[in-house]
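So you can see what is in the structure, the chains are spelled out below.
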Amino acid sequence: MKNIRVVVWVAVSLFMALPALASTDICYLGSQAAHMTPDQIDDFYANRIEGRLLTGRGKVERVANTSGEGLDGKYEVAIACSPTVVVILQTNGFAIERAGAKKGVVVSFSGECFKIYKSAGVVHCVVKATIR
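Owing to the predicted nature of the structure, the values given are computational and were not obtained by experimental measurement.

A. Quick peek at the pairing of strand E1 (residues 53–67). Bridge count between E1 and strand E4 (residues 106–119): 7 bridges; the pairing is antiparallel. Within the sheet, the bridge partner assigned to glycine 56 lies in E4 and is phenylalanine 109. Relative to strand E2 (residues 74–82), E1 runs antiparallel, the two being bridged by 7 bridges. If you follow alanine 64 over to E2, its bridge partner there is glutamate 76.

B. Layout of the state of the cysteines. Taken as a whole and judged by the stated rule, the model has 1 disulfide. Each sulfur in the disulfide pair cysteine 27 and cysteine 81 lies 2.0 Å from the other. Because the sign of the S-S torsion sets the handedness, a value of about -40° for the bond joining cysteine 27 and cysteine 81 places this disulfide among the left-handed ones. With a gap of 54 residues between them, cysteine 27 in helix H2 (residues 26–32) and cysteine 81 in strand E2 connect regions that are remote in the sequence.

C. How the structure looks around the side chain of serine 108. With respect to the element layout, serine 108 can be found in strand E4. Each residue touching serine 108, except ones within four places of it in the same chain, is listed here: Gly56, Arg57, Thr130, Ile131 and Arg132.

D. Expanded view of the confidence of the model for the protein. On average, residues of the protein carry a pLDDT of 83, and 79% of them reach 70 or more. Mean pLDDT across the secondary structure elements of the protein bottoms out at helix H1 (residues 2–22), with 52, and peaks at helix H3 (residues 38–49), with 94. Per-residue pLDDT stays below 50 along residues 14–22; that stretch engages in 1 contact with residues further than four places along the chain or on separate chains.

Each value, and the rule that gives it
Residues numbered from 1 in each chain as written. Predicted model: local features only at pLDDT ≥ 70, side-chain atom pairs only at ≥ 80, totals over all residues. Heavy atoms only, no water. Pairing = 2+ DSSP bridges. Helix = DSSP H or I, 4+ residues; strand = E, 2+ residues; numbered from the N terminus. Disulfide = S-S within 2.5 Å. Contact = heavy atoms within 4.5 Å. pLDDT = per-residue confidence, 0-100.

Here it is in structure tokens:
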């Protein structure tokens, strides 16, 4: 009987924790914004995204050097979470090299989103991030 209570307690705890874990996934949050108007996206950003540490996982679509040289340079990495959500990571060369981030590779990342917008039906989330 005690084992059954423990199993039920663990199952209920996990069930309750999953929405909290999903709410920090920028890919999940971006998919929620896919059908919103620009004003709704602004409110959504202020209420659910701004100032939070977010995580995500997706396929690298492109890596672009935006300025600087070597490991100190600034890079943008476009991550496709889904057909309607693209996360643009702002990171450095060290993170890219360590993670082996190149087109076609699936990477995980964490960081803070400072801009979200929709263009041509695709939600773009700009995140200052570290690739893991």
